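The primary structure of each chain is shown beneath.
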Amino acid sequence: MVSRYLAVTALGGLLLLADDAQAAVVNGQVHARLVITASCEVSKGVETAPVTPEGGTALLDFGSQGPTWNETLDAAISDGDKAPLSVSCNPSVVSSFTVTIDGGANGDGTTRRLSNGHQTIPYRLSADPQGRSAYRIGQQRNFVVTQGTQVPIPVFGSVVANTRALPAGIYTDTLTVTLDW
């Protein structure tokens, strides 16, 4: 007597046997699963990545200027009410989250500063293009999670007018943005 064995494994193993060389029908189960973690996800435009301790990057670009400028320089990570920086969270896990932005690599605890390594230029961050709703250094800003939608995180920057000639160079800063839920 010849025996045939049919084995299928999935999540814990399943062994199905057919004893004869004759045709036989056997039934079993295959388990399928998807795990969605209790978390929030940050997206910038079409790029999306889960929030990790390493985070991601975004650019607040004030453009190119001569050694002086007579008007405030503005920049935005967001574009009006269509913020390319947004957060999606599991509504069953959280109903709100906070965003905190530090003073940057060149800040002094009260003022954020761009630097070329020798010279610094102060700048401000706000949640609106007019600069009325400031992101104060280390201060949490609350956002409410709406089921099934992405919550925009608007970030606008401004550099005040500068009539004193500054040395040429690339002035940068690195800010840490903390999302807490």
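Just so we're clear, the structure is a prediction, and the values are computed from it rather than from any experiment. (Residues numbered from 1 in each chain as written. Predicted model: local features only at pLDDT ≥ 70, side-chain atom pairs only at ≥ 80, totals over all residues. Heavy atoms only, no water.)

Attention now goes to the side chain of Asp128. Tracing the chain through its elements places Asp128 in the loop between β9 (120-126) and β10 (140-144). At a separation of 2.6 Å, a polar atom in the side chain of Asp128 contacts the main-chain amide nitrogen of Ser133. What Asp128 contacts, discounting residues up to four positions off in sequence, is Ser133 and Phe156. (Helix = DSSP H or I, 4+ residues; strand = E, 2+ residues; numbered from the N terminus. Polar contact = N/O pair within 3.5 Å; in protein donor to acceptor, adjacent residues only side chain to side chain. Contact = heavy atoms within 4.5 Å.)

On to the sheet that holds strand β13 (residues 177-180), then. Pairing in this open sheet of three strands is antiparallel, and the strands run β10-β7-β13 from one edge to the other. Of all strands in the sheet, those bounded by a partner on one side alone are β10 and β13. Neighbour-to-neighbour, the strand axes of the sheet open up by a mean angle of 25°, direction not taken into account. Note: strand β7 (residues 96-101) against β13, four bridges, orientation antiparallel. When the sheet's bridge partners are listed, Thr98 is paired in β13 with Asp180. (Pairing = 2+ DSSP bridges. Axes fitted to C-alpha atoms, helices over the stretch in contact; angles between N-to-C directions.)

Attention now moves to the confidence of the model for the protein. Within the protein, residue pLDDT values average 74, and 63% of them lie at 70 or more. A low-confidence stretch, residues 1-17 stays under pLDDT 50, and its non-local contacts, those more than four residues away or across chains, total 33 contacts. (pLDDT = per-residue confidence, 0-100.)

By the element assignment, Thr98 lies in strand β7. Taking relative accessible area as the criterion, Thr98 reaches 10% and is therefore assigned buried. Residues in contact with Thr98, not counting those within four places in the same chain, are Gln140, Arg141, Asn142, Thr178, Leu179 and Asp180. (Buried < 20%, exposed > 50% of the residue type's maximum accessible area, 1.4 Å probe, protein only.)

This next bit is on the pattern of salt bridges. By the definition in use, this model includes one salt bridge. Residue Asp108 pairs with Arg113 through a salt bridge whose shortest N-O separation is 3.0 Å. Residue classification places Asp108 among the partly exposed residues on the basis of a relative accessible area of 44%. In this structure Arg113 comes out as partly exposed when scored by relative accessible area, which is 21%. (Salt bridge = Lys/Arg side-chain N within 4 Å of Asp/Glu carboxyl O.)

Inspection of the secondary structure puts Ile137 in the loop between β9 and β10. Placed 26 residues apart in sequence, Ile137 and Thr111 show a C-alpha to C-alpha distance of 7.8 Å. The residues touching Ile137, leaving out its near neighbours within four places in the chain, are Ile101, Asp102, Gly103, Gly109, Thr110, Thr111 and Arg112.

Turning to the sheet that holds strand β8 (residues 112-115), a few remarks are in order. Judged by pairing direction, the sheet is antiparallel, and its four strands sit side by side in the order β5-β12-β9-β8 without closing on themselves. Two strands close off the open sheet at either side, each with one partner strand: β5 (73-76) and β8. Recorded for the sheet is a direction-independent mean angle of 30° between the axes of neighbouring strands. Bridging between β5 and strand β12 (residues 156-159) involves four bridges; their strand directions are antiparallel. Within β12, the position partnered with Ala75 by the bridge is Gly157.

Another point: the environment of Asp173. Of note, Asp173 is situated in the loop between β12 and β13. With relative accessibility at 18%, the residue Asp173 sits in the buried group. Apart from the residues lying within four places of it in its own chain, the contact partners of Asp173 are Gly103, Gly104, Ala105, Asn106, Arg112, Arg113, Leu114 and Tyr123. Within polar-contact distance, the side chain of Asp173 engages the side chain of Tyr123 at 2.7 Å.

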